[in-house]
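# Breakdown of the fold
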Amino acid sequence: MRPRALDELPSWSALRTHADELRGRTLRALWDEEGPRRAAALALDARGMRLDLTKQRITPRTLALLVAAAREAGLPQRVAAMFDGEEVNVSERRPALHVALRAPRGTRIAVRGRNVVPDVHEVLGRMAAFAGAVRSGAHVGASGRPLRNVVNIGIGGSHLGPEMATIALAAYAKEGLRSRFVSNVDGSDLWAATRDLDPAETLVVVVSKTFSTLETMENARAARAWLVDALGEDAVASNAVAVSTDERRVRDFGIDPQRMFGFWDWVGGRYSVGSAVGLSLMIAIGPERFGELLAGMREIDEHLREAPLERCLPVLLGLVSVWNRSLLGHPTVAVLPYCAELARLPAYLQQLEMESNGKRVMLDGAPVRWPTAPVLWGEPGTNGQHSFHQLLHQGTEVVPAELIGFSEPLHPIGRHHDLLLANMLAQAQALAFGRGAEELRTAGVPEDQVAHRACPGDRPSTTLLVDGPLTPHALGRLIALWEHRVLVEGVMWGIDSFDQWGVELGKELAGGLADELTATEPPELTHDAATNELVRRLRRARGRAV
Ligand code: F6P
């Protein structure tokens, strides 16, 4: 039996009516009416974080209705099903068990009758031994020199998580160790990552769940040749390792399975940073710090299972996201970390949110009747304030914003951190309350400028303030918070958050076009006329007959 669709939930029509009512009320009016009660009712302290929803277009009744809808949609049961290893990835008939990646030793989580937790810890142990040996210099390259550079080759989930986290946790990385990431099949990516590296001091980590992704395999072959040309065939054994679920393909590629770190089909790419996919991160920050990242994730897993829905951070985040998207109709969301280290967080979250929930059919294949995932984008503050925040404040599209900050700096310098956080708080205020024409006139603004300078406000935002500085543990909590928020949204939308069939068509078409672009003989072209012409033009440019 399929779960109840969003518009079949008993609370749905009350939510629709309620959304219509709130659409006509400004955030300032809500604040004027409810005053400080909003802070008590719409902000939550949990797990070392303050989630402030007071500047969203919601009231306590909104949250009550959303939580009721979540119960009606069977959210607690769906969460339990995920933790129990049921095949919640319906279209691929697989569990989605990223929570097993951080389950404590001794826990039992069975997949098709097998407890996978010992397997997880066995791989973590091998990763720790290897990472430790690289870091200490006990593991050396083919020419006997220690490895000081790590080049991670992978794309999508095999890139974004490790890269985002390695940049985020650079303050905890081993000094003198350089981490580079190659993802794009544009040769410039590999060139830029390796141009100043000595192959003798470089470890290549090829990360691919399937070990068949075009971009990754092309880059991996080129990197292998780069190593072998400089150091000879032996370099593959000492200067390259693989992370994959497919041992046969790893062996066929020429990497000894002894040098492979495995994971499993029940780990989705975008949920995989806590698995062996995080090997290059572990080499950078060390096994202990990596363990702290996993502990942070585990803390939010426990919170998801234990906290009542109305006091559960990822549940509230997910429900408010559904509210903004499906009831108020906001098409995008901006993620604005007030933390320079989280520069790649928006890119990471783009995959997590949009590959998971950018879906148009429900679990049974019927079309959804409500908008699903928003377009997610963002940049760290304060940088964005001097560019696209103009649109956030005065543009014609209302963009719900999510501001993320840490109470303490990683690198204390003068007044920097106070100024950074002052800006974060200021943005939430300016977005919500704006500055009206009367106030400008009172301040003496010339009449011909008033309309241009007025900020309407009434633009919703969430502020997430994390206690302390950015640590591996805090990053782990943030990652799991988002993973579970995406799950909550997916349950409400009734979709499969764990498949990604939409990316396949482009891959297939690119394969055929690559053959046509590179064929020695002019190929017979059967595309639309414009594409045919572009293919011919490219063949000519590359000196091939047309
Ligand atoms: O093309 C999409 C995708 O399958 C992502 O879901 C995944 O993270 C990425 O490609 C990389 O896949 P792989 O790890 O198998 O190379």
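Residues numbered from 1 in each chain as written. Predicted model: local features only at pLDDT ≥ 70, side-chain atom pairs only at ≥ 80, totals over all residues. Heavy atoms only, no water.

## Brief notes about the overall build of the chain
Our working rule: Runs of E in the DSSP output that reach at least two residues are strands. Runs of H or I that reach at least four are helices, and both are numbered from the N terminus. The atom set for the radius of gyration is the C-alpha atoms, and the globule formula is 2.2 Å times the number of residues raised to the power 0.38. Exposure is judged per residue with a 1.4 Å probe applied to protein chains only, and the accessible area is read against the type maximum: over 50% gives exposed, under 20% gives buried, and values in between give partly exposed. We call two residues contacting when some pair of their heavy atoms lies within 4.5 Å. Only four residue types enter the charge count: Lys and Arg as positive, Asp and Glu as negative, with His and the chain ends excluded. In plain terms, the charge of a residue is placed at NZ if it is Lys, CZ if Arg, CG if Asp and CD if Glu.
Assigned secondary structure in the chain consists of 22 helices and 13 strands. For a compact globule of 546 residues, the expected C-alpha radius of gyration is about 24 Å, and the chain comes in at 25 Å, within 12% of that figure. Along the first, second and third principal axes, the C-alpha atoms of the chain reach 75 × 60 × 60 Å. Taken across its 546 residues, the chain has 53% of its residues classed as buried. Within the chain, counting contacts between residues at least 6 apart in sequence, those at least 24 apart form 73% of the total. For the chain, the distance from the average site of its 61 positive side-chain charges to the average site of its 67 negative ones is 1 Å.

## Looking at the site of the ligand
We count it as follows: When we say a residue is near a molecule or strand, we mean one of its heavy atoms is within 4 Å of it. The term polar contact refers here to a pair of N or O atoms within 3.5 Å; inside protein, the definition further demands a hydrogen-donor-capable atom paired with an acceptor-capable atom, and it admits residues adjacent in sequence only when both atoms are side-chain atoms. Both site types are read off a 1 Å grid over the protein atoms alone. A 1.4 Å probe that fits but cannot get out defines a cavity, while an open set with protein on both sides within 12 Å along at least five of seven lines defines a pocket; lining residues have an atom within 4 Å of a point. Think of it this way: if more than half of a molecule's atoms are within 2 Å of a pocket's grid points, that molecule is in the pocket or cavity. Basically, the charged four are Asp, Glu, Lys and Arg, the nonpolar ten are Ala, Val, Leu, Ile, Met, Phe, Trp, Tyr, Cys and Pro, and anything else, Gly included, counts as polar.
The ligand sits among 14 residues. The nearest are G157, S158, S208, T210 and T213. One of the backbone nitrogen or oxygen atoms of G157 is found 2.7 Å away from an oxygen atom of the ligand. E355 places a side-chain nitrogen or oxygen 3.0 Å from an oxygen atom of the ligand. Given that more than half its atoms are within 2 Å of the pocket grid, the ligand belongs to the largest pocket. Here the residues of the shell around the ligand sort into two nonpolar, nine polar and three charged.

## Overview of the pairing of strand β13 (residues 461–466)
Quick note on the threshold: Here, any two strands with at least 2 DSSP bridges between them count as paired.
A large share of β13 lies buried, amounting to five of its six residues. Sheet analysis places strand β2 (residues 49–52) next to β13, joined by four bridges and oriented antiparallel. Opposite D52, over in β13, you have T463 as the bridge partner.

## Notes on empty space enclosed by the protein
Note the following rule: Grid points are joined across faces, edges and corners, and a volume is the space filled by probe spheres set on the points.
Scanning all chains against the criterion turns up six cavities of 30 Å³ or more. Approximately 70 Å³ is the volume found for the largest cavity. Residue contributions to the lining of the largest cavity peak at three residues, all from helix α14 (residues 313–327). Considered class by class, the residues forming the lining of the largest cavity number three nonpolar, four polar and three charged.

## Some remarks on the packing of helix α13 (residues 287–306) against α14
Inclusion rule: Lines fitted to C-alpha atoms define the axes, with helix axes restricted to the stretch in contact, and inter-axis angles between N-to-C directions lie between 0 and 180 degrees. Geometric relationships in this document are graded by angle, where less than 35 degrees denotes roughly parallel, more than 145 denotes roughly antiparallel, 65 to 115 denotes roughly perpendicular, and other angles denote oblique.
Two elements in contact, α13 and α14, have axes separated by 8 Å at closest approach and are oriented at 75°. Considering the angle they form, α13 stands roughly perpendicular to α14. In this structure, α13 contributes I300, H303 and L304 to the contact, and α14 contributes L313, P314 and V315. Here the residues of the contact of α13 with α14 sort into five nonpolar, one polar and no charged.

## Regarding the layout of surface pockets
Regions of empty space are outlined by a rolling probe, equal in size to a water molecule, passed over the atoms. Definition in use: Where each domain starts and ends comes from a domain assignment, either automatic or drawn from a database.
When its volume is computed, the largest pocket comes out at roughly 900 Å³. As for the largest pocket, its lining consists of 36 residues, and the residues nearest its centre are T210, T213, Q500, E504 and K507. When contributions to the lining of the largest pocket are tallied by element, the ones reaching two or more residues are α9 (214–231), α15 (345–357) and α21 (504–518). A class-by-class count of the residues in the lining of the largest pocket yields 12 nonpolar, 14 polar and 10 charged. Viewed by domain, the lining of the largest pocket spans two of them, domain 2 (102–290) and domain 3 (502–541), each represented by three or more residues.

## Some details on the side chain of H389
Within the element layout of this structure, H389 appears in helix α16 (residues 389–394). Dropping the residues within four chain positions of it, H389 is found in contact with L336, Y338, G384 and Q427.

## A few points about the packing of aromatic side chains
Which entries qualify depends on this criterion: Working definition: rings of Phe, Tyr and Trp (its six-membered ring) pair if their centres are within 6.5 Å, and the pair is stacked with planes under 30 degrees apart, edge-to-face with planes over 60 apart, and tilted otherwise. In our convention, an over-ring charge means Lys NZ or Arg CZ found within 6 Å of a ring centre and within 35 degrees of that ring's normal.
A full pass over the atoms with the stated rule returns six aromatic pairs. Seen in terms of ring centroids, W264 and W266 are 5.0 Å apart; in terms of plane orientation they differ by 5°. Their pairing is stacked. Centroid distance Y271 to F498: 5.4 Å. Interplanar angle 55°. Geometry classified as tilted. Residue Y271 is found in the loop between β9 (260–262) and α12 (279–285), and its partner F498 is found in the loop between α20 (472–493) and α21; the two are separated by 227 residues along the sequence. A relative accessible area of 2% places Y271 in the buried class. Above the ring of F261, the side-chain terminus of R126 is found at 4.7 Å from the ring centroid.

## Quick look at the nonpolar core
Test applied: Take the buried Ala, Val, Leu, Ile, Met, Phe, Trp, Tyr and Cys residues and link them wherever side-chain atoms come within 4.5 Å; each set so joined is a nonpolar core.
In terms of nonpolar packing, the biggest core is built from 129 residues, with W266 and L475 touching the most fellow members. Sort the elements by how many residues they give to this core and α20 lands first, with 13 residues. What L475 contacts, discounting residues up to four positions off in sequence, is M164, A165, A168, L169, L293, L342 and L470. Within the second largest apolar cluster, 22 residues are counted, among which are L197, V204, V236 and M260.

## Quick look at the pattern of salt bridges
Side chains that differ in sign of charge can pair as their charged atoms come close. The following threshold applies: Any carboxyl oxygen of Asp or Glu within 4 Å of a side-chain nitrogen of Lys or Arg constitutes a salt bridge here.
Tallied over the entire structure, the rule returns 37 salt bridges. Salt-bridge contacts for E504 lead to K507; the nearest nitrogen and oxygen are separated by 3.4 Å. A residue pair is termed a helical-turn pair when its members lie 3 or 4 positions apart in one helix, as E504 and K507 do in helix α21 at three residues. Judged by its relative accessible area of 33%, E504 falls in the partly exposed class. If you follow the salt bridges from partner to partner, you end up with E92, R94, R112 and D265 in one network.

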